[in-house]
Amino acid sequence: MRGQWVEIYVTVLNSGSGEVRVPVQLTFPSRNKQPETINLRILPNRSGTANFTWKTRNYAVGLHTLQAGLLLENNLTAGPTEADITLNLLEPTVTASIESFDAYPELPVVGDAVEISVAVTNEGILPANIPVTLHFPSGDKQPETRKPYAEAGETVSAKFTWRTSRYAPGSHEFRVSAPGADRTFTVVLAAPSVDFGVVETHGPNPDQPIARGDWVAVSAVVRNGGPQEGRATVLVRDTVRDRTMHSETLTLGAFESGLVEFTWKTLRYALGPYHLQVVTDASNDTHRANDVADVGFVDLLDDRDLTIGHTGDDPGSRLWLGLDKPDLPAASKWAIGAISWTPEDPVVGEPVDIRIEIRNYGTRSVRAPVTLRFPSEDKQPETRSPRVDAASGGAATFTWRTGRYEPGRHMFRVESAGGAETFSIELLPPTVDFQVAAIYPPSAWHPVVKGDWVEVAAFVRNIGKYKGTATISLWNLTHDHPMYEDSVSLEPGESDVVEFTWKTLRYAVGKHLLRAKAEAEYDTDRSNDHSDSAAVNVIPSSDILIGFPGDHPETKNALAASSPRVASNRYALLQVAALATDSASVMHQQLTATWEPLSTRRLSGLWPADPGDLHSPEGGGQPSPMLCAQQQRLLTIGPRPLAAQCPGVWALVR
């Protein structure tokens, strides 16, 4: 599947009477990928295997053709020397199961922000970002998708937020879909609990006669004593005639109060008695006993029977009755109280809710304008005007968006008629923890010749709490300097593979220790920022023709050249016997030989049970000289190690 590292094995048989060296080349589908060559030295009537790695991450899904060939001189072969390998690259399949659906709070109320957590398990064979889509109950609310990262078999959570303000109480059905899974869940939304009541009323002075044509002031203080924001209709009614004289809608937060004012213009009303009441009507009101309050009895008289109440026919000159209408208290009667914010230790990027409490020391309810000036000059001040009951407290709430602010202390200023105060909020950096979990050097089965381009990869995770960007560098510890670097941005819990191409031409022959390092701002743990070291041996091109003393005189005179050569007076019959891969998703191909290929019995001994067991303990890189010798004995099924792939075995090298 795309993204897997595919191991391709090319097996070569020497049917001749002499030992020969065979360069095996594999050409990849991409022009940007250089062909790779592995040199095999094969004893008479023995086989050798060249092992190549194809990294499929950057290739498209579909058929790809790789070409394997033998770079031979003097046509020393009786079998095929070239072959096309057609591989079918499949799209990685992501499958998941939906384990659970949780909502917090467990009993949400209309207006709550409900946090929804969906647990999914990666049922595939590869690590993947699992797309989890939540379909909301309302048709005009677009579905949302999260892609948490999960290892094979791991269970992770996808987080969503459901804003319930415009939803009605009752059962609401959600649908959750993931690759290979689809389930529905129900959340019951309760009605908001409110308690609207009439706290105080003000009407005309009962000792003051009222003539038809006078304007009468009526007011009432209404309070929501419930724990949720709610809306109520406030009515001014005449119970004598069962008639509504005024209607007004009032929205109040939890434990908040509001003022309703009504001017009764009596000119078009009939003479006689009136009984005025203020009534609140709110759905889901948990306490109805305080919903009605009397304003008083009024007897509307003919103005000709009065010696007061008007000075002429102009309505604008009539007296304003109801002299006890509540007035706002003086500014000195209320002041700024405690200032708090949530979260208490905010991080750059988090919205901060700032709460400024107001204390009313007056005898009447008051609307208290509060202005907050933010730290940035290009951020306009904001003003809130909460209503605060007499001898009570209220609060103004602001939201500070911190995405474009730097970590550190930031100053705010609060201004109101009750005074001014300054305060500061410490903004913390978005901490990350980039971990270099592993380094992938060139395969231990591939000799690295000076001038080769080889690939080195690093596996990087962000195991911190916030999104961050890190610079990943490949270091040469032997010479203590960085070789290449790249940057990667990761969400919390996300991982990635960063690849480098090491061009070895300008590096010295010999052993090199490689290490991958991560550098990220605000990294909380530096101990895991680098990988273990990996050893890679770079050999000169002249070492390709080294032989063994004493046994084969022809090899003593072989020229050490950068181009592959074999002794010209030796005759050998070579054939590509088999090609194989360890990926189940790739098609296998068997080359047809001009003579009977190797039997299954003979092929069964070509590979060790676990080649990984032969790796050097130095970070999983190139094998040590002795382990390399053991490795070559296994590959050639012969008594001699191949010194051409074992740099450092000085006793075996000319």
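Residues numbered from 1 in each chain as written. Predicted model: local features only at pLDDT ≥ 70, side-chain atom pairs only at ≥ 80, totals over all residues. Heavy atoms only, no water.

### Remarks on the sheet that holds strand E33 (residues 419-427)
Pairing is antiparallel in the open sheet, where four strands are placed in the order E29-E28-E32-E33. Each end of this open sheet is capped by a strand with a single partner; those strands are strand E29 (382-384) and E33. For this sheet the average axis-to-axis angle between neighbouring strands, irrespective of direction, equals 25 degrees. Both strand E32 (residues 408-416) and E33 contribute to a ladder of nine bridges, which runs antiparallel. By the bridge assignment for E33, Glu-415 is matched with Ala-420. (Pairing = 2+ DSSP bridges. Helix = DSSP H or I, 4+ residues; strand = E, 2+ residues; numbered from the N terminus. Axes fitted to C-alpha atoms, helices over the stretch in contact; angles between N-to-C directions.)

### Considerations on the pairing of strand E37 (residues 468-476)
The element E37 is extensively covered by neighbouring structure, given that seven of its nine residues are classed as buried. Sheet topology note: the E37/strand E38 (residues 481-490) ladder contains nine bridges and is antiparallel. Paired with Leu-474 across the bridge in E38 is Tyr-484. Counting the residues in the hairpin turn of E37 and E38 gives four residues, including Asp-480, whose phi is positive at 55 degrees. Note: E37 against strand E40 (residues 510-520), seven bridges, orientation antiparallel. (Buried < 20%, exposed > 50% of the residue type's maximum accessible area, 1.4 Å probe, protein only.)

### With respect to the side chain of Asn-122
Relative to the helices and strands, Asn-122 resides in strand E8 (residues 113-122). Engagement of the side chain of Asn-122 in a polar contact is seen with the backbone oxygen of Ala-150, the distance being 3.1 Å. The residues contacting Asn-122, other than those within four sequence positions of it, are Thr-95, Pro-127, Ala-128, Ile-130, Ala-150, Glu-151, Ala-152, Gly-153 and Glu-154. (Polar contact = N/O pair within 3.5 Å; in protein donor to acceptor, adjacent residues only side chain to side chain. Contact = heavy atoms within 4.5 Å.)

### A look at the side chain of Ser-177
Topologically, Ser-177 is positioned in strand E14 (residues 170-178). When neighbours within four sequence positions are excluded, Ser-177 is seen to be in contact with Ile-98, Pro-131, Val-132, Thr-133, His-135 and Asp-182.

### What about the layout of surface pockets?
The computed volume of the second largest pocket comes to approximately 910 Å³. Lining the second largest pocket are 29 residues, with Pro-227, Gln-228, Glu-229, Gly-253 and Ala-254 sitting closest to its centre. At the level of secondary structure, the elements contributing two or more residues to the lining of the second largest pocket comprise strand E30 (387-388) and strand E31 (393-401). Among the residues making up the lining of the second largest pocket, the classes are represented as 10 nonpolar, 11 polar and eight charged. (1 Å grid on protein atoms, 1.4 Å probe; cavity = no way out; pocket = protein on both sides within 12 Å on 5 of 7 lines; lining within 4 Å. Points joined across faces, edges and corners; volume = space filled by probe spheres on them. Nonpolar A, V, L, I, M, F, W, Y, C, P; charged D, E, K, R; others polar.)

### Re the packing of aromatic side chains
The description of two aromatic rings rests on the distance between their centres and on the angle between their planes. This model, assessed by the stated rule, comprises 16 aromatic pairs. Here Trp-54 and Tyr-59 contribute two aromatic rings whose centre-to-centre distance is 5.1 Å and whose plane-to-plane angle is 70 degrees, an arrangement assigned as edge-to-face. A relative accessible area of 1% means that Trp-54 is categorised as buried. Plain terms: the ring middles of Phe-412 and Phe-423 are 5.2 Å apart, the flat faces sit at 10 degrees to each other, and that makes the pair stacked. Taken as a pair, Phe-412 in strand E32 and Phe-423 in strand E33 lie far apart in primary sequence, 11 residues in all. In this structure Phe-423 comes out as buried when scored by relative accessible area, which is 9%. (Phe/Tyr/Trp six-rings, centres within 6.5 Å; stacked < 30°, edge-to-face > 60°.)

### Regarding unusual backbone geometry
The omega torsion across Tyr-104 and Pro-105 is 5 degrees, close enough to zero to call that bond cis. Position of Pro-105 among the secondary structure elements: in the loop between strand E7 (96-104) and E8. A cis amide bond links Thr-342 with the next residue in sequence, Pro-343, at an omega value of -5 degrees. Positive phi values are uncommon outside glycine, yet Asp-480 reaches one of about 55 degrees. Residue placement: Asp-480 occurs in the loop between E37 and E38. Since its relative accessible area comes to 57%, Asp-480 is described here as exposed. Not every positive phi belongs to a glycine, and Tyr-522 is a case in point at roughly 65 degrees.

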